[in-house]
Amino acid sequence: FSLCQTVEHGFPHQPSALGYSPFLHLMAIGTRSGAIKLYGAPGVEFMGLHEENNTVMQIHFIPDQCQLVTLLDDNSLHLWSLKQHGGASELREEHRFTLKGPPGSPPSATQITAVLPHSSREVLYLGTESGNIFVVELPSFRVLEDRTISSEAVLQRIPEDNCNRRSCELVEALREHPKNPDQILIGYSRGLIVLWDLQNNKVTHHFLGSQQLENLYWQRDGSKFISCHYDGSYTQWPVSSDNRQPEPLENTVPYGPFPCKAISKIYWQTTKNGLPYIIFQGGMPRASYGDRHSISVIHGSQQTAFDFTSRVIDFFIIFSSEPAAEFDDPSAMVVLAEEELVVIDLKTAGWPAVHPPYLASLHCSAITCSHHVSNIPLKLWERIISAGSKQNVHYSSMPWPIDGGTNIAPDPPQRDLLLTGHEDGTVRFWDASGVCLHLLYKLSTVRVFLTDADPNDNMNTLGEDEWPPLRKVGTFDPYSDDPRLGIQKIYLCKYSGYLAVAGTAGQVLVMELNDEDAEHVVDHAEADLLQDQEGYRWKGHEKLKTRDGPVRFEAGFQPFVLVQCQPPAVVTSLALHSEWKLVAFGTSHGFGLFDHQQKRLVFVKCTLHPSDQLALEGPLSRVKSLKKSLRQSFRRIRRSRVSSRKRRGGSGNASEVQEANAKFDQDTLQEMELAPVQRKIEARSAEDSFTGFVRTLYFADTFLRDSSRHCPSLWAGTNGGTVYAFCLRVPPAERRMDEPVRAEQAKEIQLMHRAPVVGILVLDGRSTPLPEPLEVAHDLSKSPDMQGSHQLLVVSEEQFKVFTLPKVSSKLKLKLTALEGCRVRKVTVANFGSCKTDDYSENDLAVLTNLGDIQIISLPFLKLQIRYPCIRKEDVSGIASCVFTKYGQGFYLISPSEFERFSLSTKWLVEPRCVVDMPEVTTNNHVHSKPGVENAARKSSPGDYGEDERKSGRLMEHALLNDEKVLKEIQSTLEGGR
Amino acid sequence: EFRRFSLERSKPGKFEEFYGLLQHVHKIPNVDVLVGYTDIHGDLLPINNDDNYHKAVSTANPLLRIFMESFEDADYSAFGTDTMTRKKNVLSNVLRPDNHKKKPHIVISMPQDFRPVSSIIDVDILPETHRRVRLYKYGTDKPLGFYIRDGSSVRVTPHGLEKVPGIFISRLVPGGLAQSTGLLAVNDEVLEVNGIEVSGKSLDQVTDMMIANSRNLIITVRPANQRNNVVRNSRTSGSSGQSTESSLPSSTPNILGNLLQGEEESDEEDIIIEDSGEPQQIPKAAPTSESIESLSQIELLHESTQNGFLPSSEMNSNHSAGSISMEYDVPDAGRKSLEEDGTIITL
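Residues numbered from 1 in each chain as written. Chains lettered and ligands numbered in written order. Predicted model: local features only at pLDDT ≥ 70, side-chain atom pairs only at ≥ 80, totals over all residues. Heavy atoms only, no water.

Some thoughts on the overall build of chain A
Here comes step 1: The number of helices and strands found in chain A is eleven helices and 65 strands.
Here comes step 2: Here chain A, with 978 residues, has 55% of them falling under the buried criterion.
Here comes step 3: For chain A, the exposed area adds up to about 42900 Å²; of that, 48% sits on carbon and sulfur atoms. (Helix = DSSP H or I, 4+ residues; strand = E, 2+ residues; numbered from the N terminus. Buried < 20%, exposed > 50% of the residue type's maximum accessible area, 1.4 Å probe, protein only. Areas by Shrake-Rupley, 256 points an atom, 1.4 Å probe, with all protein chains shown as cover.)

Next comes the structure, spelled out in structure tokens:
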């Protein structure tokens, strides 16, 4: 055993910055908590964390290097490097640096607003709020004071009549000339733009913009550049040698004439056919579309404003980075929005989106539950993928454009599925086998029900004449039409393809995988869990209304049975037995068993204590008390605010204020004393609330009545420490449709400590947990030992207990809470192999406690093997979201959108392992001091530099780093080919 | 000899009359007897005045089992808590004529005549400033009835005085068990729960521990009021003990000295209802008879030698704090005969 947190799946929480290296083909994302994540080809990812945990403001890759610089909101700069270590690359922080002004200068003097890593790779230019541009040497971060470009120096070289001191305040943008590394374009916030010659320290050109500047972009050949402005306009400027103060070529307000929002970033991309791509963020008409998060792409007569579901953090364009290429030829646009990553294919007509292989938005709709299934049979896997591919036809077929680095991790040992249930009634199927959590298929249960939302309400359909030409992109949609649709429990049988899904309004759906579209009627049954109880009133939500008549379902999992619990309380437990064709479900009122073959309710059992009014009335009464406590805490906040205002705005009389303060302090102190945090110490009793809440359901073929005959059985555990066992009679397969399934209560065990029962398990004669249904039939498990006597393991939140069967006598127990004060939150049987020998494996219990610790407890002797702190105990949602896999791995949510993957087993470890080789900086790349070589290189390779050739070039460089022999081989083959 | 007769529940009359009735139905008019009955928990309790006589009649549902014993042969220890479950056989004890004779006891106020609701234990091993209180929560409706809170206390450490977080009793519920014992008071600092130190544990953790142990709760406190401490005779001066304790907080004794084996096991017995029959206590497994059980037993012993794992008889005496302890049964002939006694109805 060893606990190892291996990788974070999903979309980073609160992203704040984006960077891209066209050289490494790597993308970097920074977050508000100071994390930095690098992504390349699928499986290539790195993560780093700034010690300061400050927001990452900007990320810049150093040209032609495996290095990047981050700027945090505390104005510190950090240099990170990818270095190879033990065969794999690692991301490490190398240096940190904070720009310091002369003593006594205001903090704005050194507040960095723009960063330009120079192509010489030797210096960084840092634009500041004061208008000064500082130069620091890399990698030492030594300030080269003699090279500072002060705003005074710039002003001196501009005719005074056009500018004043204030024109040079705040550097908004710094751009290096694409062809001449000795020239940089400096854009100041107030609209002044100057082209600065680094060699001679002089202004070669200056451009007077009338509007507040937002950003700048050079045309590829350096003859023009484009500026974008606060008023929603962009301007093209010529750079010619004769005119020192050029006039704008063109000034456009794309979404005018009414006032528009700022265009904050702009790209100008040239193409072979002559029509450039102008791509810019923002610029929407303020009044009617000011709330949209848009990026517009204009290419000739085509224009689309991509409308994102959340705020756009930043974006970049992937274009031909070969310096020798004549045109940019943009291929893809990568947009980081606050809640998702969207990539648009610019090469395919219609500009479709590309399906990202990673960074999936897990939280498109809030995750309400998760379920993991290990080792999926290939057949089922392929069918799910095929169902999913039919849903993804609107995606581009373009290969993933961010393809830097090489994944050298071994192939995942098996196919694993992670199923997440969402608030909007969908279940998403994720490929959780490897490092990239990839969406395979999305299932919606909404179709079965009648909801207020119109299913034909499609946001994408817009008339051709619409202006602006908005197009919704992205999948993030946190608004649920009806909270009752929320998925609470999922159970998938990987052998039969049966799926059971249960939700917030007591709905239980059984589904079957169908490879074709189909239209059919869903059989509908109601389970009255309060059968024998009279005179109770449910004050919670109503049950969902169902659709009459046949419903059309797309290929994939299609529901054929719907059971609705009455009262329609949240389904709290679910079990499916695909061999017996039975599904069991439980709520806070009781549990029931449904035969989905004959479509008949077998029985229901009410577990309610007659005095438990709270459970009867439903969630409303609890809401009331929550409201009350909220109101109280608000009142407290308000009171403290009022008093602080009083203090600040105190009248001249100081002593009076002091007196008032003292009085207030006394009052608050008294209030504190009146209501200290205290806990009631009381034994649990049968009359406690929610004792009937069904926590766990379990099917087992075991010896329930006598030791000579085993039979199918259903076990249920409640919040009040009761275990019910029902003996089932399932007719043999040939008479399965003719005879009814019968059930009879055989046992009822009351644990005297009355803690909630969270797990029930039967161990066979060899003390091995009983296999899953159909596992034996598929030859994937040894058949259980039916000779020796079986044992029953009951896990409550406080204790583990083993009883003998069929006569129940207590055999072993392990007390957890009484000795440690922690409680069991999650428990699963996991199989642990040895990393040394292949033929050894054992079953243990993996347990997560309310303190966030993970404990491994041996079976069948209940001996604590090891304990690891895993999740912070304050992280309640993290603990609640944890799922264990069958082979000792697990997932828990570290934010609404990210799963942390961990492994308890040394044998099964899924973690990123990848290499980023630094391509040799060839003479192709224009280097500061050798302009001659650049020309030579251009001559040798004519205009359209083939994609294949570029790849082989990379391959060659790749090899050069590793082995000269290989290099020679490749060279010879290449030469031979030519 | 057995007699069965009826009484009017609403008018039981006086003890004297009942005593006479018993002598009459047994035809022993001049023999002094001790009278006892079994209450709902299976305890043998005495009947010797009007009050406990009325209590006895009120608990009959509908049968009241009464035991009589010649005054001279009386075995006083037969009365009290757990007498029915712990003693091998009360009847044989009571009825056996050759029971070794004991000195005559005073009839009234024998400690055994009462069921304990609380006790101070381990006085001999605890520092005088501490008090270890055991609360006995029977199947009664009487709540434990207290609240705990966070607070801070001052400890003497090698670095001088230090303020450390602690857990304190914040409130006693009137009429609750805790209040009625008089052994716990508001602002007493809780040091241990069932032998486990609470230092370093959160309020919620300590709450969970106390509730998990609520059927047999042993709390070690440092009473806020130090004037009622038990003063030990054996010690010449109490001060030295106090100072050693307070100078090294880690030396707080955490062994539950008097936690008897039997007591630990009697804390809770789960209940089973088979085929909607009568609720019964779940017995301990008696494994030797079944082959597979004995196999696992062998494995178990094998493991115990490997991992320094102790069978339960040693475990309990070696009950160490802070680690998870496990209990399981090793075949024990003496106890087995008791377990086969039959069903004990507790609901």
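Brief notes about the overall build of chain B
Here comes step 1: Within chain B, the secondary structure is distributed over eleven helices and 13 strands.
Here comes step 2: The 347 residues of chain B split such that 43% are buried.
Here comes step 3: Summarising the internal contacts of chain B: among those between residues at least 6 apart in sequence, 60% fall at separations of at least 24.
Here comes step 4: If you sum the accessible surface of chain B, you get close to 19000 Å²; carbon and sulfur atoms cover 54% of it. (Contact = heavy atoms within 4.5 Å.)

Thoughts on a nonpolar patch on the surface
Here comes step 1: A grouping of Phe-5, Leu-7 and Leu-21 of chain B is seen on the molecular surface, where their side chains present a nonpolar patch of about 220 Å² in accessible area.
Here comes step 2: Residue class for Leu-7 of chain B comes out partly exposed when judged on its relative accessible area of 36%. (Patch = residues over 30% accessible without salt bridge, like charges linked within 9 Å, V, L, I, M, F, W, Y side chains within 5 Å. Salt bridge = Lys/Arg side-chain N within 4 Å of Asp/Glu carboxyl O.)

Let's talk about the interface of chain A and chain B
Here comes step 1: Listed by partner, the interface residues are 51 residues for chain A and 57 residues for chain B.
Here comes step 2: Taken together, the two surfaces of chain A and chain B that pack against each other cover about 4900 Å², and 53% of this comes from carbon and sulfur.
Here comes step 3: Area buried by chain A at its contact with chain B is led by Ile-681, Leu-819 and Phe-861 of chain A, which between them contribute 16% of it.
Here comes step 4: Summed over the shared surface of chain A and chain B, the number is four salt bridges.
Here comes step 5: Across the contact surface, chain A and chain B share 16 residue pairs in polar contact (both at pLDDT 80 or more).
Here comes step 6: Within the residue set of the side of chain A that touches chain B, elements represented by two or more residues are strand 49 (678–681), strand 53 (742–750), strand 56 (799–804), strand 57 (810–815) and helix 7 (817–820) of chain A.
Here comes step 7: Pairing of strand 49 of chain A with strand 6 (residues 146–157) of chain B, which is carried by four bridges, proceeds in the antiparallel orientation. The residue of strand 6 of chain B that forms the bridge with Arg-679 of chain A is Ile-148 of chain B. (Buried area = accessible area lost by both parts, 1.4 Å probe. Polar contact = N/O pair within 3.5 Å; in protein donor to acceptor, adjacent residues only side chain to side chain. Pairing = 2+ DSSP bridges.)

Let's talk about unusual backbone geometry
Residues and elements named next belong to chain A.
Here comes step 1: In this structure, the amide linkage connecting Leu-138 to the following residue, Pro-139, adopts the cis form with an omega of -5°.
Here comes step 2: Mapped onto the secondary structure, Pro-139 falls in the loop between strand 12 (133–137) and strand 13 (142–143).
Here comes step 3: With omega at 0°, the peptide bond leading from Leu-805 into Pro-806 counts as cis.
Here comes step 4: For Pro-806, the position within the fold is in the loop between strand 56 and strand 57.
Here comes step 5: We note that Asp-329 has phi near 45°; this positive angle belongs to a residue other than glycine.
Here comes step 6: Mapping Asp-329 onto the fold places it in the loop between strand 26 (312–318) and strand 27 (332–337).

Re the sheet that holds strand 32 (residues 417–422) of chain A
All names here are of chain A.
Here comes step 1: Pairing is antiparallel in the open sheet, where four strands are placed in the order 30-32-33-34. Each end of this open sheet is capped by a strand with a single partner; those strands are strand 30 (367–373) and strand 34 (438–444). Between one strand axis and the next, the sheet turns by 20° as a mean value, whatever way the strands run.
Here comes step 2: The pairing of strand 30 with strand 32 spans six bridges and is antiparallel. Looking across to strand 32, one finds that Ser-370 is bridged to Thr-420.
Here comes step 3: Across the sheet, helix 3 (residues 378–391) is in contact with strand 32, strand 33 (426–431) and strand 34; its angle to strand 34 comes to roughly 75°. (Axes fitted to C-alpha atoms, helices over the stretch in contact; angles between N-to-C directions.)

Notes on the pairing of strand 63 (residues 889–895) of chain A
Residues and elements named next belong to chain A.
Here comes step 1: Where burial is concerned, most of strand 63 is hidden: six out of the seven residues are buried.
Here comes step 2: Sheet topology note: the strand 62 (residues 883–884)/strand 63 ladder contains two bridges and is antiparallel. Bridge assignment links Phe-884 to a residue of strand 63, and that residue is Gly-890.
Here comes step 3: Between the antiparallel neighbours strand 62 and strand 63 lie four residues, among them Gly-888 with a positive phi of about 75°.

Quick word on the domain arrangement of chain A
All names here are of chain A.
Here comes step 1: Partitioning chain A into domains gives domain 1 (12–98), domain 2 (415–459 + 484–613), domain 3 (695–814) and domain 4 (822–910).
Here comes step 2: Spacing between the C-alpha centres of domain 2 and domain 3 amounts to 24 Å.
Here comes step 3: Between domain 2 and domain 3, the residue contacts involve 29 residues of the former and 30 residues of the latter.
Here comes step 4: Across the domain 2/domain 3 interface, buried area totals approximately 2400 Å², and carbon plus sulfur atoms make up 71% of it.
Here comes step 5: Viewed at the interface, domain 3 and domain 2 are joined by one salt bridge.
Here comes step 6: For the salt bridge of Asp-595 with Arg-736, the shortest nitrogen-to-oxygen distance reads 2.8 Å. (Domains from an automatic or database assignment.)

Topic: the sheet that holds strand 15 (residues 183–188) of chain A
Residues and elements named next belong to chain A.
Here comes step 1: Read across the sheet, four strands follow the order 14-15-16-17 without closing on themselves; strand pairing throughout is antiparallel. The open sheet has two edge strands, strand 14 (171–176) and strand 17 (202–208), and neither has a second partner. Neighbour-to-neighbour, the strand axes of the sheet open up by a mean angle of 20°, direction not taken into account.

A short note on the pairing of strand 57 of chain A
Residues and elements named next belong to chain A.
Here comes step 1: Within strand 57, six of the six residues are buried, which leaves the element mostly enclosed by the surrounding structure.
Here comes step 2: Note that strand 56 and strand 57 share five bridges and pair antiparallel. Counted as the bridge partner of Gln-799 is Lys-815 from strand 57.
Here comes step 3: In textbook terms, the turn of a hairpin is the stretch between consecutive antiparallel strands, and for strand 56 and strand 57 this stretch comprises five residues.

Things to note about the pattern of salt bridges
Two side chains carrying opposite charge are able to pair once their charged atoms lie near each other.
Here comes step 1: The tally for this structure, following the rule as stated, stands at 44 salt bridges over all chains.
Here comes step 2: Counted as one network, the salt bridges with shared partners bring together Arg-684, Arg-695, Glu-797, Glu-798, Arg-823 and Arg-825 of chain A together with Asp-208 of chain B.

Comments concerning the UniProt feature "domain: PB1" (unreviewed entry) in chain B
Here comes step 1: Under the feature "domain: PB1" (unreviewed entry), the UniProt entry names residues 1–71 of chain B.
Here comes step 2: Spanning residues 1–71 of chain B, this segment combines 30% helix with 21% strand, and its end C-alpha atoms are found 16 Å apart. (UniProt positions renumbered as here; feature names shortened; annotations may be inferred.)

Considering helix 2 (residues 50–59) of chain B
Residue and element names in this part refer to chain B.
Here comes step 1: Considered for burial, the residues of helix 2 that qualify are Asn-52, Tyr-53, Ala-56, Val-57 and Thr-59. The buried residues of helix 2 all sit within an arc of 165° when viewed along its axis, so they share a single face. Exposed and facing more than 90 degrees away from the buried side of helix 2 are Asp-51 and Lys-55.
Here comes step 2: Residues of helix 2 that are buried make contact with helix 1 (15–25), strand 1 (33–38) and strand 2 (44–47).
Here comes step 3: Between a side-chain oxygen at the N-terminus of helix 2 and the backbone nitrogen of Asp-51 the separation is 3.1 Å; the capping residue is Asn-49. (Arc of directions from axis to C-beta.)

A few points about helix 6 (residues 203–212) of chain B
Because an α-helix completes one turn every 3.6 residues, residues spaced three or four positions apart along the sequence face the same direction.
Here comes step 1: The buried count for helix 6 of chain B comes to nine of ten residues, which makes it a mostly enclosed element.
Here comes step 2: Taken together, the buried positions of helix 6 of chain B are occupied by Leu-203, Gln-205, Val-206, Thr-207, Asp-208, Met-209, Met-210, Ile-211 and Ala-212 of chain B.

Some thoughts on the environment of Arg-709 of chain A
All names here are of chain A.
Here comes step 1: By secondary structure assignment, the location of Arg-709 is in the loop between strand 50 (694–702) and strand 51 (711–718).
Here comes step 2: A residue is classified by how much of its surface remains accessible, and Arg-709, at 60% relative accessible area, is exposed.
Here comes step 3: A C-alpha to C-alpha distance of 9.4 Å links Arg-709 and Met-786, two positions 77 residues apart in sequence.

Observations regarding the confidence of the model for chain A
Residue and element names in this part refer to chain A.
Here comes step 1: In the predicted model, chain A carries a mean pLDDT of 84, and 85% of its residues have values of at least 70.
Here comes step 2: Every residue in residues 638–654 scores below 50 in pLDDT, and together they form eleven contacts with partners more than four places removed in sequence or on other chains.
Here comes step 3: With pLDDT under 50 throughout, residues 922–963 is counted as low confidence; its partners more than four residues away or in other chains account for 47 contacts. (pLDDT = per-residue confidence, 0-100.)

Notes on the nonpolar core
Residues and elements named next belong to chain A.
Here comes step 1: In terms of nonpolar packing, the biggest core is built from 55 residues, with Met-27, Ile-279 and Met-333 touching the most fellow members.
Here comes step 2: Residue contributions to this core peak at six residues, all from strand 26.
Here comes step 3: For Met-333, the contacting residues outside a window of four places in its chain are Ile-279, Ile-295, Val-297, Phe-306, Phe-315, Phe-316, Ile-317, Val-342, Val-343, Ile-344 and Leu-346.
Here comes step 4: In this structure, Leu-704, Ala-746, Leu-751 and Leu-812 belong to the second largest nonpolar core, which totals 41 residues. (Core = buried A, V, L, I, M, F, W, Y, C linked by side-chain atoms within 4.5 Å.)

Topic: the packing of aromatic side chains
Here comes step 1: For the structure shown, the criterion picks out 30 aromatic pairs over all chains.
Here comes step 2: Ring geometry for Phe-603 of chain A versus Phe-726 of chain A: centroids 4.3 Å apart, planes at 15°, classification stacked. Taken as a pair, Phe-603 of chain A in strand 48 (residues 600–606) and Phe-726 of chain A in strand 52 (residues 722–729) lie far apart in primary sequence, 123 residues in all.
Here comes step 3: Residue Phe-603 of chain A is classed as buried on the basis of its relative accessible area of 11%.
Here comes step 4: For Phe-726 of chain A, a relative accessible area of 6% corresponds to the buried category.
Here comes step 5: On the basis of an interplanar angle of 25° and a centroid distance of 4.5 Å, the ring pair of Phe-18 of chain B and Tyr-53 of chain B is categorised as stacked. Residue Phe-18 of chain B is located in helix 1, and its partner Tyr-53 of chain B is located in helix 2; the two are separated by 35 residues in the primary sequence. (Phe/Tyr/Trp six-rings, centres within 6.5 Å; stacked < 30°, edge-to-face > 60°.)

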